[in-house]
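# Working through the structure, step by step
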Amino acid sequence: MAKTNTTELLEALASEIGETVYIDVAKWHLYLSNAKLHTIVAEQLYPLITSKTVNEDKVIQVLESIPVKIGGGRKELALIDLLPLQCQVALVDILEKYQREI
């Protein structure tokens, strides 16, 4: 039962992240769900929620560790380098909300 709840929570978290957080490239917004990055971001950040250690510094550390291939894979950038500040703030807010709810 707990596993189902964890799975459902991860799916809900990934969905909310994917619909709220976007990559900004030349003023184009590519939402993480469209970039197929929402699930990996949720999975990487979920331990912060369960350990109740969500804070901006830890979220940034995780985002720095997620590589995003660009130019057909010729280059790689850290996800943090592609997110505007308001998306980082929104992501921390989402994580804090989930942390309060569990």
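Structural notes, computed from the coordinates. (Residues numbered from 1 in each chain as written. Predicted model: local features only at pLDDT ≥ 70, side-chain atom pairs only at ≥ 80, totals over all residues. Heavy atoms only, no water.)

Okay, the nonpolar core next. With 31 residues, the main nonpolar core has Leu13, Ile17, Val59 and Leu79 as its most contacted residues. Broken down by secondary-structure element, the contributors of at least two residues to this core are α1 (2-20), β1 (22-25), α2 (38-50), α3 (56-64) and α4 (85-101). (Core = buried A, V, L, I, M, F, W, Y, C linked by side-chain atoms within 4.5 Å. Buried < 20%, exposed > 50% of the residue type's maximum accessible area, 1.4 Å probe, protein only. Helix = DSSP H or I, 4+ residues; strand = E, 2+ residues; numbered from the N terminus.)

Relative to the helices and strands, Gln61 is located in helix α3. A relative accessible area of 53% means that Gln61 is categorised as exposed. When the C-alpha atoms of Gln61 and Ile80 are compared, they prove to be 8.6 Å apart, with 19 residues separating the residues in sequence.

With that settled, the discussion passes to the pattern of salt bridges. It is possible for side chains bearing opposite charge to pair when their charged atoms get close. In this structure the tally under the stated criterion is 2 salt bridges. Glu16 is the salt-bridge partner of Lys97, the closest N and O atoms lying 2.9 Å from each other. Taken together, the residues span a long stretch of sequence, with Lys97 in helix α4 and Glu16 in helix α1 at a distance of 81 residues. Note on Glu16: relative accessible area 22%, which makes it partly exposed. For Lys69, the salt bridge goes to Glu76, with nearest N and O atoms at 3.2 Å. Lys69 gets classed as exposed once you look at its relative accessible area, which sits at 58%. Accessibility expressed as a relative area gives 46% for Glu76, which makes it partly exposed. (Salt bridge = Lys/Arg side-chain N within 4 Å of Asp/Glu carboxyl O.)

Purely geometric numbers; function is a separate question.
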